[in-house]
Amino acid sequence: MSLPSIVGFWTNLLQISAPAVRVALRRAPVRVESAGPCGQTRLLGSWMQKQQSTSRQFRLILVYTVGVFPNQEACFMHLGICIEGNIASGKTTCLEYFGKTSNIEVIAEPVHKWRNLKGHNPLALMYQDPARWGLTLQTYVQLTMLDQHVTTMTSPVTLMERSIYSAKYIFVENLYRSGKMPEVDYAVLSEWFDWIMRNIHVPVDLIVYLQTSPQTCYERLIERCREEEQVIPLEYLEMIHQLYEDWLIHQTSFKVPAPVLVIPADHDVQKMFCQYEEHRGKILMGSK
Ligand SMILES: Nc1ncnc2c1ncn2[C@@H]1O[C@H](COP(=O)(O)OP(=O)(O)O)[C@@H](O)[C@H]1O
Ligand SMILES: Nc1ccn([C@H]2C[C@H](O)[C@@H](COP(=O)(O)O)O2)c(=O)n1
């Protein structure tokens, strides 16, 4: 490449691929692992991983590679953002808001699958008898959440409701700690989860935590009136709340897989929409 074409290349790269460049710079050592059209960058990526280097120069080499093989840009373009929060904290409402007001792809929690699996309702069974059905539900939750994480996305930004991480660190943990999940069931789920973490890349670029009081969630849960959840007492929401706080605010329980943007979510819907607008830029850029 001659000097002008190199300059032109960089200018074009930075103009056309700003999000790709940014994502590649930040995520290079862990994101370069797709096979097929990303073959060349995959080699470079694994070499970089071996070097255990996070230096800016190496990352720039990678960005250069993205530019030289422009058809690979899609590998770096995508940002995955998870909306986390207690039951009935307003996650679905948040997803619907962004789904309507921009071309972000939204993925709702697959609750319909948990309520109807070949005519069975694992969610209802779990609430009726957690010790018997907790493992059944959470195994299925883990599978369906993983499926959503690895689904190929076409738009640059995806907002996903909850994650495989909160399924394990919040809900499985809660069943176990409250004595409603036998140790052997917890061990089986943990083995599965650890295997997934070792063998499958589950990328999350940003966690948006809708922080509510348990009381607010209790009121919204009653208002929503989902049949299976009528048995949920306030104490259950308090335990889920504490697990979320320890994980995402105090960061004392489990590894947090991405930066956390905290949005206070006890407010009415209008105020929440205003807050979403205030944070729209950060969310779209995947930064807190
Ligand atoms: N900011 C809010 N103020 C009052 N009610 C809300 C607010 N956000 C959501 N709701 C209502 O609370 C219930 C739970 O909201 P939802 O978005 O389904 O929560 P989640 O997806 O977190 O379980 C729904 O009936 C919804 O209409
Ligand atoms: N791993 C999980 C995830 C969710 N649930 C339950 C909690 C709620 O009853 C329902 C959906 O949650 P929402 O989106 O309304 O917060 O599924 C669970 O038991 N385990």
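Structural notes, computed from the coordinates. Bear in mind that the values here come from a model prediction, so they are computed numbers and not experimental data.

Cut-off values and rules
- Residues numbered from 1 in each chain as written.
- Chains lettered and ligands numbered in written order.
- Predicted model: local features only at pLDDT ≥ 70, side-chain atom pairs only at ≥ 80, totals over all residues.
- Heavy atoms only, no water.
- Helix = DSSP H or I, 4+ residues; strand = E, 2+ residues; numbered from the N terminus.
- Buried < 20%, exposed > 50% of the residue type's maximum accessible area, 1.4 Å probe, protein only.
- Areas by Shrake-Rupley, 256 points an atom, 1.4 Å probe, with all protein chains shown as cover.
- Expected span 1.5 Å × (residues − 1).
- Contact = heavy atoms within 4.5 Å.
- Salt bridge = Lys/Arg side-chain N within 4 Å of Asp/Glu carboxyl O.
- Axes fitted to C-alpha atoms, helices over the stretch in contact; angles between N-to-C directions.
- Parallel < 35°, antiparallel > 145°, perpendicular 65-115°, else oblique.
- Left-handed = near helix turned anticlockwise from the far one by under 90°.
- Nonpolar A, V, L, I, M, F, W, Y, C, P; charged D, E, K, R; others polar.
- Core = buried A, V, L, I, M, F, W, Y, C linked by side-chain atoms within 4.5 Å.

**Structural notes on the overall build of the protein chain**
Argument step 1. Secondary structure assignment for the protein chain yields 14 helices and 5 strands.
Argument step 2. In the protein chain, which comprises 288 residues, the proportion classed as buried is 48%.
Argument step 3. Here the protein chain displays about 14,400 Å² of accessible surface, and carbon together with sulfur accounts for 58% of that area.

**Examining helix α9 (residues 130–150)**
Argument step 1. In this model α9 runs 28 Å from its N-terminal to its C-terminal C-alpha over 21 residues, within 8% of the 30 Å that 1.5 Å per residue would give.
Argument step 2. Of all the positions in α9, only Pro-130, Gly-134, Leu-137, Gln-138, Tyr-140, Val-141, Gln-142, Thr-144, Met-145, Leu-146, Gln-148 and His-149 are classed as buried.

**A look at the environment of Ile-107**
Argument step 1. Along the polypeptide, Ile-107 turns up in strand β2 (residues 105–107).
Argument step 2. With a relative accessible area of 14%, Ile-107 lands in the buried category.
Argument step 3. Counting along the chain gives 42 residues from Ile-107 to His-149, while the straight-line C-alpha distance between them is 9.5 Å.
Argument step 4. Non-local contacts of Ile-107, meaning those with residues more than four positions away in its chain, are made with Leu-95, Gln-148, Met-153, Thr-158, Leu-159, Met-160 and Glu-161.

**What about the pattern of salt bridges?**
Argument step 1. All told, the structure shown has 6 salt bridges when counted by the stated rule.
Argument step 2. Notably, a salt bridge pairs Arg-226 with Glu-229, separated by 2.8 Å at the nearest N-O pair. Per residue, the accessibility class of Arg-226 equals that of Glu-229, and both read buried.
Argument step 3. We note a salt bridge from Glu-277 to Arg-280, for which the minimum N-O separation is 2.7 Å. Of the two residues, Glu-277 and Arg-280 both sit in helix α14 (residues 269–285), 3 residues apart, roughly one turn of that helix.
Argument step 4. Accessibility expressed as a relative area gives 37% for Glu-277, which makes it partly exposed.
Argument step 5. Judged by its relative accessible area of 15%, Arg-280 is buried.
Argument step 6. A single network of salt bridges, built from pairs that share partners, joins Arg-224, Arg-226 and Glu-229.

**Brief notes about the packing of helix α12 (residues 214–224) against helix α13 (residues 234–249)**
Argument step 1. In the contact formed by α12 and α13, the axes pass within 9 Å of each other and the chain directions differ by 130°. When the axes of α12 and α13 are compared, the pair comes out oblique. Classified by chirality, the crossing of α13 by α12 is right-handed. Contact with α12, carried on its side by Pro-214, Gln-215, Cys-217, Tyr-218 and Leu-221, involves Leu-234, Leu-237, Glu-238 and His-241 of α13 and no other residues of that element.
Argument step 2. When grouped by side-chain class, the residues that make up the contact of α12 with α13 number 6 nonpolar, 2 polar and 1 charged.

**Focus on the nonpolar core**
Argument step 1. The biggest cluster of nonpolar side chains holds 46 residues, and the ones touching the most others in it are Ile-87 and Trp-247.
Argument step 2. Counting only elements with at least two residues in this core, the list comes to α7 (111–115), α8 (122–128), α9, α10 (164–177), α11 (183–199), β4 (206–211), α12 and α13.
Argument step 3. In terms of residue count, α10 provides more of this core than any other element does, 8 residues in total.
Argument step 4. Listed in part, the 19 residues of the second largest apolar core include Leu-206, Leu-261, Ile-263 and Ala-265.

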